Amino acid sequence: MSPVSFSPASAPRRPSEIVPLRVAVVGTGGWGEQHARVFADRTDTVLCGVVGRDPERTAARAEAYGTTPYTDIDTMLETEHPDLVTVSLANEAHFAPTLHLIRRGVPLLVEKPLVFDLAQADTLLAEAAARNLFFAIDLNHRYAEPVQRLRRAIDDGDLGELVFATWRFGGEPNFGTSPHANLIETQVHGLDMLEHLCGPIVSVMAQMFDRTVPGTFTTLAVALKFMNGAVGTLLGSYDSSYAYPGAHHLEVNGTLGRGVVEDTVRRLVLSRPGDETSQVWEAGYFNDEARSFHSTFDRYVDALLAALRAGQEPPVHARAGRRALELADAIVRSAETGTRVATRPSSGPSQPAV
């Protein structure tokens, strides 16, 4: 297996050698604060504005991060002329503001989930494509150090031919109006991650639990089939706690070895068949950045800004959000019909598998 080496912390802070990009944040919620923090703290960006619906809350957020508050998107755009706008709103409130910003021709980074409706996702993507617009989504789990090392091990052939993969993730609920918030809002990371590591999912078969909050599916279990022949499972729950040890578990097993990611950023364990010793990555004493979940967003922003400056496609295009929603839609239909549902990426709308 590839050697595990020390990963240094972020580069020393120094004045930007390039003209800083102007970035505005739409949204003043909890994760919206991470957007404000990232772009206010960097030396190659200027947080030029924060947009929110509540004037008092928006003013407080803007004051905390040394920027200007706005309660109207168009006023902010016409005043600040941002190079990038990020959108971090309530989960089911993404569509209208995102569509408005696309039609204004603004490069975008949007939070997951993209939307809750496939037709809305298609509208956003079509409108952005018609304008050749930079349109990124934040699926920051990809940038966790253990995940990146596991991806390299898979790409290098250290695990051999993939046989199965498991994703388990559960914690406190984040309810909205959708009965499938756990699947669409939270397990979007699992759907994206499993395809990121193992390739396209070609079928799903699901079971769902709604006894905690009748009519709302707080826990689900899904059996998966990948295009390469591997199989997998996804277990997602709102009936658990992020305080529990092992709230997140990701395992990829191949013919030559196994990789296990613990709690996204905590640990990566690489093992070989028949060998009772394992290779373990954990963040070192002076490498605190790599054990911080919030820092996965900082790492993603590094890659995103490099792509934006270079005129390239985003490192995680909003199409990945649409794909996760397509998989979620197939999972819902599988649970409702008690059938296995095909999810081939190029097949268009998913159909019951034969």
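That block above? That's the structure.
Note that the structure is predicted; figures quoted are calculated from it, not measured.

### Regarding the pairing of strand β14 (residues 278-281)
Consideration 1: As judged from the four bridges shared by strand β13 (residues 267-271) and β14, these two strands associate in the antiparallel manner. Paired with Val269 across the bridge in β14 is Val280.
Consideration 2: Between the end of β13 and the start of β14, which pair antiparallel, lie six residues, with Gly274 showing a positive phi angle near 75 degrees.

### A short note on the sheet that holds strand β6 (residues 135-138)
By way of backbone hydrogen bonds, the strands of a sheet pair with one another, either parallel or antiparallel.
Consideration 1: The six strands lie next to each other as β3-β2-β1-β4-β5-β6, forming an open sheet whose pairing is parallel. In the strand order of this sheet, the two ends are held by β3 (69-70) and β6, each with one partner.
Consideration 2: Pairing of strand β2 (residues 45-51) with β3 involves two bridges; the strand directions are parallel. Within β3, the residue paired with Val50 across the bridge is Pro69.
Consideration 3: Sitting on the sheet, helix α4 (residues 95-103) is in contact with β1 (21-26), β4 (84-87), β5 (108-111) and β6, with an inclination near 175 degrees to β5.

### Quick notes on the packing of aromatic side chains
Consideration 1: Taken as a whole and judged by the stated rule, the model has seven aromatic pairs.
Consideration 2: Both rings, one in Trp31 and one in Phe297, keep their centres 5.8 Å apart while their planes meet at 45 degrees; by these two values the pair is tilted. Note that Trp31 is positioned in helix α1 (residues 30-41) and Phe297 in helix α9 (residues 295-310), a separation of 266 residues in sequence.
Consideration 3: Summarising the aromatic geometry, the rings of Phe169 and Tyr242 are spaced 5.7 Å apart at their centres and angled 50 degrees between planes, so their arrangement reads as tilted.

### Some points on the layout of surface pockets
Empty space among the atoms becomes visible once a probe the size of a water molecule is rolled across them.
Consideration 1: The space that makes up the largest pocket amounts to roughly 1,100 Å³.
Consideration 2: Trp31, Asn91, Lys112, Asn174 and Glu185 are, among the 47 residues lining the largest pocket, the residues nearest its centre.
Consideration 3: Of all elements in the fold, only α1 and α7 (181-186) reach the threshold of two or more residues within the lining of the largest pocket.
Consideration 4: A breakdown of the residues in the lining of the largest pocket according to their chemical character gives 18 nonpolar, 18 polar and eleven charged.

### Description of α4
Consideration 1: All of the buried residues along α4 are Pro97, Thr98, Leu99, Leu101 and Ile102.
Consideration 2: Summarising the contacts, the buried residues of α4 are in contact with β1, α3 (73-80), β4, β5, α5 (118-130) and β6.

### A few points about the pattern of salt bridges
Consideration 1: Applying the stated criterion to the full structure yields 26 salt bridges.
Consideration 2: In this structure, the salt-bridge partner of Glu195 is Arg323, at a minimum N-O distance of 2.8 Å. With Glu195 in helix α8 (residues 188-198) and Arg323 in helix α10 (residues 319-337), this pair connects stretches of sequence that are 128 residues apart. Each member of the pair, Glu195 together with Arg323, is buried.
Consideration 3: We note a salt bridge from Glu262 to Arg267, for which the minimum N-O separation is 2.3 Å.
Consideration 4: The partly exposed category is assigned to Glu262, whose relative accessible area is 23%.
Consideration 5: Within the structure, one salt-bridge network assembled from shared partners comprises Asp122, Glu195, Arg322, Arg323 and Glu326.

### Some words on the nonpolar core
Consideration 1: Formed by 93 residues in total, the largest nonpolar core has its most connected members in Phe135 and Leu150.
Consideration 2: For this core, the element with the highest residue contribution is α10, accounting for eight residues.
Consideration 3: When sequence neighbours within four positions are dropped, the list of residues in contact with Phe135 reads Thr98, Ile102, Leu108, Val110, Leu114, Leu124, Leu125, Ala128, Pro314, His317 and Ala318.

### Structural notes on the side chain of Asp263
Consideration 1: Residue placement: Asp263 occurs in the loop between β12 (258-262) and β13.
Consideration 2: Within the structure, Asp263 has its side chain in polar contact with the side chain of Arg266 (distance 3.1 Å).
Consideration 3: Dropping the residues within four chain positions of it, Asp263 is found in contact with Gly246, Ala247 and His248.

### Remarks on empty space enclosed by the protein
Consideration 1: Under the criterion given, the structure shown has one cavity of 30 Å³ or more.
Consideration 2: Put simply, the largest cavity is a space of about 50 Å³.
Consideration 3: Elements with a contribution of two residues or more to the lining of the largest cavity: α7, α8 and α10.
Consideration 4: The element best represented in the lining of the largest cavity is α10, accounting for four residues.
Consideration 5: Tallied by class, residues from the lining of the largest cavity come to ten nonpolar, one polar and no charged.

### Describing the sheet that holds β14
Consideration 1: Read across the open sheet, the nine strands follow the order β14-β13-β12-β11-β7-β10-β9-β8-β15; overall the sheet is mixed. Edge positions in the open sheet fall to β14 and β15 (341-342), since each of these has one partner strand only.
Consideration 2: In this fold helix α6 (residues 145-155) packs onto β7 (162-170), β11 (248-254), β12, β13 and β14, with an angle of close to 25 degrees to the strand it touches most, β13.
Consideration 3: With respect to the sheet, α8 is in contact with β7, β8 (201-209), β9 (219-226), β10 (231-237) and β11, its orientation differing from that of β7 by roughly 160 degrees.

### What about α3?
Spacing of three or four residues puts side chains on the same side of an α-helix, whose turn is 3.6 residues.
Consideration 1: Within the sequence span of α3, burial applies to Ile73, Met76, Leu77 and Glu80. The buried side chains of α3 occupy one side of the element, clustering within an arc of 100 degrees when seen end-on.
Consideration 2: Where α3 is buried, its residues contact β1, β2, β3, β4 and α4.
Consideration 3: Between a side-chain oxygen at the N-terminus of α3 and the backbone nitrogen of Asp74 the separation is 3.2 Å; the capping residue is Asp72.
Consideration 4: Two residues or fewer after α3 comes His81, characterised by a positive phi angle close to 50 degrees.

Cut-offs and rules
Residues numbered from 1 in each chain as written. Predicted model: local features only at pLDDT ≥ 70, side-chain atom pairs only at ≥ 80, totals over all residues. Heavy atoms only, no water. Pairing = 2+ DSSP bridges. Helix = DSSP H or I, 4+ residues; strand = E, 2+ residues; numbered from the N terminus. Contact = heavy atoms within 4.5 Å. Axes fitted to C-alpha atoms, helices over the stretch in contact; angles between N-to-C directions. Phe/Tyr/Trp six-rings, centres within 6.5 Å; stacked < 30°, edge-to-face > 60°. 1 Å grid on protein atoms, 1.4 Å probe; cavity = no way out; pocket = protein on both sides within 12 Å on 5 of 7 lines; lining within 4 Å. Points joined across faces, edges and corners; volume = space filled by probe spheres on them. Nonpolar A, V, L, I, M, F, W, Y, C, P; charged D, E, K, R; others polar. Buried < 20%, exposed > 50% of the residue type's maximum accessible area, 1.4 Å probe, protein only. Salt bridge = Lys/Arg side-chain N within 4 Å of Asp/Glu carboxyl O. Core = buried A, V, L, I, M, F, W, Y, C linked by side-chain atoms within 4.5 Å. Polar contact = N/O pair within 3.5 Å; in protein donor to acceptor, adjacent residues only side chain to side chain. Arc of directions from axis to C-beta.

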